[in-house]
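# Results of the structural survey
Residues per chain, in single letters:
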Amino acid sequence: MRKAVLPLLALALSGVFVSAAWAAKPPVVVELFTAQGCSSCGKANQVAADLAKDDGVLALTYAVDYWDYLGWKDTFAKPVFAERQRAYAKKFALRDVPTPQMVIAGRVQASGAKAEAVQDLVKTAKRAPANAPDMEFIGKNRVAIGSGPAPRGGGEVWMIRYDPREQDIAVKRGDNKGQTLVHRNVVRELVKLGPWAGRPKLYRLPTVLGADSELETVILVQGAKGGRILGVLETTKAER
């Protein structure tokens, strides 16, 4: 967590903005959209698991539900994850939602099975300048977002809860019948906290926090409707 010279709570109440040029650069967020019923997703899952070992990357795995019709119901899928992918597809002007798909920093996308292409995009994203707003948890149930340039169309603040443990799922039906698929950083909760217009603001976190002590929480500031990711805030072990 990044510490400001003045608490962000005070910034939010006063409207004062303190430069955070000293702050560490946020990790590159890589989002994998995958499904246990997708025959080509196993390789992409492994790519995401490998990226999760990189300290400069936050790899998140979203299981989508639209492959369930093939006979295997994905054990992690939720409709809200597919909705997020569809927002990206519209932003990238894609004709369909591809699976597996990697979205890097909300800026570019590639096939999740093409490890080299994904790694090249991650390297480019790491070199991109960052102008993230200050972000700080206020107690256990609020988060403060500071000032910053708002993207065209406005921004959004999202809360994501994910499981950092590696999980191996044995698929018993469908195209991947008999295979065991590796999963890492599986997203379990995705909640939009509200809009962000570039000015300091406090957001209340939903009561799902603390429901599972093994899950980690990350807050994203992002352009609206699948825009680029502007800021990342992760909990520390002491804050869980």
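Residues numbered from 1 in each chain as written. Predicted model: local features only at pLDDT ≥ 70, side-chain atom pairs only at ≥ 80, totals over all residues. Heavy atoms only, no water.

### Here's the deal with the nonpolar core
Residues L60, Y62, I160 and L220 are the most contacted members of the largest nonpolar core, which totals 23 residues. Where this core is concerned, the elements lending two or more residues are β1 (28-34), β2 (57-63), α3 (79-91), β7 (155-163), β10 (186-196), β12 (216-223) and β13 (229-234). By size, the runner-up hydrophobic cluster in this structure holds 17 residues, among which are V30, A44, A48 and A110. (Core = buried A, V, L, I, M, F, W, Y, C linked by side-chain atoms within 4.5 Å. Buried < 20%, exposed > 50% of the residue type's maximum accessible area, 1.4 Å probe, protein only. Helix = DSSP H or I, 4+ residues; strand = E, 2+ residues; numbered from the N terminus.)

### Focus: the environment of R84
Positionally, R84 belongs in helix α3. Assessed through its relative accessible area of 7%, R84 is described here as buried. Each C-alpha atom, one on R84 and one on G226, is 7.2 Å from the other, the two residues being 142 residues apart in sequence. Contacts of R84, omitting those with residues within four sequence positions, involve E31, F33, Y62, W158, L190, L220 and Q222. (Contact = heavy atoms within 4.5 Å.)

### What about the packing of aromatic side chains?
Taken as a whole and assessed by the stated rule, the structure comprises 4 aromatic pairs. Relative to F81, the ring of Y62 has its centre 5.6 Å away and its plane inclined at 70 degrees; by these criteria the two rings are edge-to-face. Residue Y62 is located in strand β2, and its partner F81 is located in helix α3; the two are separated by 19 residues in the primary sequence. The exposure classification of Y62 matches that of F81, with both residues buried. Both rings, one in Y88 and one in F92, keep their centres 6.0 Å apart while their planes meet at 10 degrees; by these two values the pair is stacked. This pair shows no difference in class: Y88 is buried, exactly as F92 is. Its end group placed over the ring of W158, R84 keeps NZ or CZ at 5.3 Å from the ring centre. (Phe/Tyr/Trp six-rings, centres within 6.5 Å; stacked < 30°, edge-to-face > 60°. Lys NZ or Arg CZ within 6 Å of the ring centre and 35° of its normal.)

### As for the side chain of N176
Mapped onto the secondary structure, N176 falls in the loop between β8 (167-170) and β9 (180-183). Reaching out from N176, the side chain makes a polar contact with the backbone oxygen of C38 at a distance of 2.8 Å. Contacts of N176, omitting those with residues within four sequence positions, involve Q36, G37, C38, S39, V171 and L181. (Polar contact = N/O pair within 3.5 Å; in protein donor to acceptor, adjacent residues only side chain to side chain.)

### Some words on the confidence of the model for the protein
Low pLDDT marks stretches whose predicted atomic positions should not be read closely. With 86% of its residues at a pLDDT of 70 or more, the protein has an overall mean of 88. In this model, residues 1-6 is a region of pLDDT below 50 whose contacts with residues beyond four sequence positions or in other chains number 17 contacts. Every residue in residues 11-23 is under pLDDT 50, and counting partners more than four places away or in other chains gives 18 contacts. (pLDDT = per-residue confidence, 0-100.)

### A closer look at the pattern of salt bridges
Inspection of every chain in the model, using the stated rule, returns 6 salt bridges. Of the charged contacts in the structure, one is a salt bridge between K192 and E156, with a shortest N-O distance of 3.7 Å. Here E156 lies in strand β7 and K192 lies in strand β10, a separation of 36 residues in the sequence. On the accessibility criterion, K192 (47% relative accessible area) is partly exposed. For E156, a relative accessible area of 10% corresponds to the buried category. (Salt bridge = Lys/Arg side-chain N within 4 Å of Asp/Glu carboxyl O.)

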